[in-house]
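Chain by chain, the residues:
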Amino acid sequence: MSPSIDRGTTATPTGIGVSPLAGAERRDAGDSAFILEFGTTIERSLLDRVSALDAHVRRLAADGALPGLIETVPTFRSLALLFDPLLTTPAHLLTTLAEPARNEGSTEPGDGPATWVLPVLYGGDHGPDLDALATEAALPDDELVRRHLDTPLVVYMLGFLPGFAFLGDTPSELHLPRLSEPRTRVPAGSVAIAMQLTGIYPWDSPGGWHILGNCPVPLFNGKLAPPVLFQAGDIVGFRNVDIHEYEALAEVSRQGKFDRQTLVQKTDVAH
Amino acid sequence: MSSSLTIVRAGLLSTLQDRGRFGLRHLGIPWSGCLVPCWQQLANRLVRNAPDACVIECWEGGLQLKVEDYPVRIAIASHTSVVASIESADQKISLKPMRSYTAHPGDTIALSSTGNMRQAIMAIAGMSVESQLGSASTYAKASLGGLNGNVLNNGNKIVFDYKPDGPDLTCTDPLSAAYQQKVIRLVMGPQETLFSEEGLHNLLSEEYVLRSDADRMGVRLAGPSVFHRSDDAKNIVSDAIVPGSIQVPGNGQPIILLSDAHTAGGYPKVATVISIDLPLPGLLRAGTRFRFRAISLDDAIRATRQQHGLVQETLKNMKPVISDSLSTQTLLANNLIDGVTDGTS
């Protein structure tokens, strides 16, 4: 198997001299993977620790210090390491990983999490659950939309479907359990909420989240590398578009001419 | 010389698969790839391809290919009960698994039934498939790999480079002992603590039956419930899934997840099937009964390395086929004779 850890490093600083493994519990996942678990809940603090460890692992892998490691999978509360058992073992990998983090300053500027702003048409046929949600939250529709727009979200993880992003945290007044009866088809592009999370469906899929609106631009493109817009740790905001802009963006996307770089918010303004 | 095979009939589910698409699980993209990696390597070696080259993975059978302009060498890796043939205008020969054959323009290659197992693999010498994101493996859910992101369909063409080198080859099947194996080995975890003592006892001492709903994502089992510790323990905050993860939804009936499964999920995973036993649940017929046995991680890694040694040994010990029906055509194709006529022309 070919080691393929070469995605850009996300610069989440860990304390110099502190083992990024501190507080992680090892859980076996067969003879070719193990999981380092930091907790069992969805919290920003856990995400930060997972991201820090993932960055540490990827730096070591890029330096050739982890032969046999195939790839890592960050989740809300853990990091999975998948390896080739012909080449290494969990004990061997952990010995290397346990050494205190060094060279934290070597991360290139610009490697940090990206900020994306996605166009969304809220409500109507594209957001069939908006009215019911507004009633539930005792807010007018446009106020609910404003609160969803005003809260930049972090990408906790990707999974469930290829490119499906779990974003959080949605403002607390919009926290709701999943639908008791999942839909058999949620259209691609749907922006939906459940619990403290917002999700965006890159594909038509069954789904049990409340649909607020729809994003007309493609979130997955297998002809591009990487095929997915986001990675864990990125920041995502939304921009309210009307039906005309929605249709125009959808048309450009259908023609395969949409440039996803237009969704990146430039972050070089801060001093 | 570049030539092609036409898929006359694709069968129930035939996909192009290589070793897999690595490095993208963090984006929710599973590995895909052959479910029986040693068959893939052997079938490729039998036709003198690189061991990790792309092959056709066929479920149940019904696959039929027509040879177009040039001869083609193929090999099927499967259980001995496979039903396959090469049919030309004047004869039909039955194919044995674990050996290569040469088919000629106009011939029809059929993999009619995968026999006592649910899958078989066909390698084609010099087959060339464009890879996408590092692999030609088909993952139709995200339109990746295969032919235009899809499973094989009637009328598709498979392109290969014709190379008439050396005699046909044959080898043994390193899985032949495994089919009789009524035990699937696993390593406990990652979430075994979320199950009750009785649930774990059931898993490790009772019989389970493979159900008919099996595909490249996973295989469902039926048997005594693997009880969760409590209702709260029936769902977890999503955690990584790996090939071999045994997830247990609320109903207590385990599901063994395979190469095309989601990369993360919210059902607790009681244990993980060790990699060398992982082909079995996808191969054995629905209704097959077996037990699980928990082994230590060290023992699992040792077993994997041992099996790897056996496969390497088999790869090294390919034997040339002593042809049982020497025809002028095969001799010519194998380049063993040159310019000899059969005396009647």
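Reading the values: rules and limits
- Residues numbered from 1 in each chain as written.
- Chains lettered and ligands numbered in written order.
- Predicted model: local features only at pLDDT ≥ 70, side-chain atom pairs only at ≥ 80, totals over all residues.
- Contact = placed C-beta atoms within 7 Å.
- Helix = DSSP H or I, 4+ residues; strand = E, 2+ residues; numbered from the N terminus.
- Nonpolar A, V, L, I, M, F, W, Y, C, P; charged D, E, K, R; others polar.
- pLDDT = per-residue confidence, 0-100.
- Buried ≥ 20, exposed ≤ 12 C-beta atoms within 10 Å, placed from the backbone.
- Pairing = 2+ DSSP bridges.
- Domains from an automatic or database assignment.
- Axes fitted to C-alpha atoms, helices over the stretch in contact; angles between N-to-C directions.
- Arc of directions from axis to C-beta.
- Core = buried A, V, L, I, M, F, W, Y, C linked by C-beta atoms within 7 Å.

1. Topic: the interface of chain B and chain A
Point 1. Tallying the contact residues gives 41 residues for chain B and 45 residues for chain A.
Point 2. Elements supplying a minimum of two residues to the side of chain B that touches chain A: β13 (183-188), β16 (239-240), β20 (269-273) and α4 (297-316) of chain B.
Point 3. Looking at the side of chain B that touches chain A element by element, the count peaks at 6 residues for α4 of chain B.
Point 4. In the side of chain B that touches chain A, the residues fall into 19 nonpolar, 17 polar and 5 charged.

2. A look at the confidence of the model for chain B
Residue and element names in this part refer to chain B.
Point 1. Put simply, chain B has an average pLDDT of 93, and 93% of its residues get 70 or more.
Point 2. Taken as a whole, residues 337-345 scores under 50 in pLDDT and shows 3 contacts with residues more than four places along the chain or in a different chain.
Point 3. Our summary of model confidence lists the complex with pTM equal to 0.91 and ipTM equal to 0.92.

3. Topic: the pairing of strand β2 (residues 13-17) of chain B
Looking along a regular strand, one sees the side chains alternate between the two faces of the sheet.
All names here are of chain B.
Point 1. Among the 5 residues of β2, 4 are classified as buried, and the element is accordingly described as predominantly covered.
Point 2. Bridge count between β2 and strand β3 (residues 55-59): 5 bridges; the pairing is antiparallel. Along β3, the bridge assignment pairs Leu13 with Trp59.

4. Focus on the domain arrangement of chain B
Residue and element names in this part refer to chain B.
Point 1. With domains assigned, chain B is organised as domain 1 (2-169 + 323-333) and domain 2 (178-306).
Point 2. Between domain 1 and domain 2, the residue contacts involve 15 residues of the former and 14 residues of the latter.
Point 3. Across the side of domain 1 that touches domain 2, the residue classes tally to 6 nonpolar, 7 polar and 2 charged.

5. Topic: the sheet that holds strand β10 (residues 119-124) of chain B
Residues and elements named next belong to chain B.
Point 1. The 5 strands are arranged β2-β3-β10-β5-β8 in an open sheet whose pairing can be described as antiparallel. With partners counted over all chains shown, the strands left at the sheet margins are β2 and β8 (100-103), one partner each. Strand-to-strand twist in this sheet, taken as the mean axis angle between neighbours without regard to direction, amounts to 25°.
Point 2. Taken together, the 4 bridges between strand β5 (residues 72-77) and β10 define a ladder with antiparallel strand orientation. Directly across from Ile74, in β10, lies its bridge partner Ile124.

6. Let's talk about the pairing of strand β2 (residues 33-37) of chain A
Residue and element names in this part refer to chain A.
Point 1. β2 sits mainly inside the fold: 5 of its 5 residues count as buried.
Point 2. Alternating residues of β2 divide into Ala33, Ile35 and Glu37 and Phe34 and Leu36, and every residue in both groups is buried.
Point 3. Pairing geometry for strand β1 (residues 25-28) and β2, over 4 bridges, is antiparallel. Looking across to β2, one finds that Arg27 is bridged to Ile35.
Point 4. Counting the residues in the hairpin turn of β1 and β2 gives 4 residues, including Gly30, whose phi is positive at 90°.
Point 5. As paired elements, β2 and strand β4 (residues 78-83) share 5 bridges and run antiparallel to each other. In the strand pairing of β4, Ile35 is matched with Ala80.

7. Brief notes about helix α2 (residues 197-205) of chain B
Residues and elements named next belong to chain B.
Point 1. Those residues of α2 that sit buried are Gly199, Asn202 and Leu203. Buried residues of α2, seen end-on, are gathered within an arc of 95° and therefore sit on one face of the element. Counted as exposed and oriented over 90 degrees from the buried face of α2: Glu197, Glu198 and Ser205.

8. Describing the nonpolar core
Point 1. In this structure, Ala43, Ile76, Ile121, Met122 and Ile124 of chain B are the most contacted members of the largest nonpolar core, which totals 172 residues.
Point 2. Discounting chain neighbours no more than four positions away, the residues touching Ala43 of chain B are Val55, Ala75, Ile76, Ala77, Ile121, Met122 and Ala123 of chain B.

9. Quick word on the sheet that holds strand β7 (residues 92-94) of chain B
Residue and element names in this part refer to chain B.
Point 1. Strands sit in the order β7-β6-β9-β4-β1-β11 across an open sheet of 6 strands; the sheet is antiparallel. With one partner strand each, in any of the chains shown, β7 and β11 (157-161) form the two edges of the open sheet. Shown here is a sheet whose adjacent strand axes are inclined to one another by a mean of 25°, direction ignored.
Point 2. Pairing of strand β6 (residues 83-87) with β7 involves 3 bridges; the strand directions are antiparallel. Paired with Ile86 across the bridge in β7 is Ile93.

10. Focus: unusual backbone geometry
Point 1. Note the cis peptide between Ala225 of chain A and Pro226 of chain A, where omega equals -5°.
Point 2. As for its placement among the helices and strands, Pro226 of chain A is situated in the loop between β12 (210-214) and β13 (235-240).
Point 3. Look at the link from Gly189 of chain B to Pro190 of chain B: it is a cis peptide, with omega at 10°.
Point 4. Positionally, Pro190 of chain B belongs in the loop between β13 and α2.
Point 5. Its identity is not glycine, yet Ser32 of chain B carries a phi of approximately 55°, on the positive side.
Point 6. Mapping Ser32 of chain B onto the fold places it in the loop between β2 and α1 (37-46).

11. Quick notes on the domain arrangement of chain A
Where interface size is given, it is often the accessible area lost as the parts come together that is meant.
Residues and elements named next belong to chain A.
Point 1. Per the domain assignment, the segments making up chain A are domain 1 (25-106) and domain 2 (115-263).
Point 2. Placing a centre on the C-alpha atoms of domain 1 and another on those of domain 2 gives a separation of 30 Å.
Point 3. Counting residues at the interface gives 7 residues for domain 1 and 7 residues for domain 2.
Point 4. In terms of residue count, helix α1 (residues 44-62) provides more of the side of domain 1 that touches domain 2 than any other element does, 3 residues in total.
Point 5. Class assignment of the residues belonging to the side of domain 1 that touches domain 2 gives a composition of 4 nonpolar, 2 polar and 1 charged.

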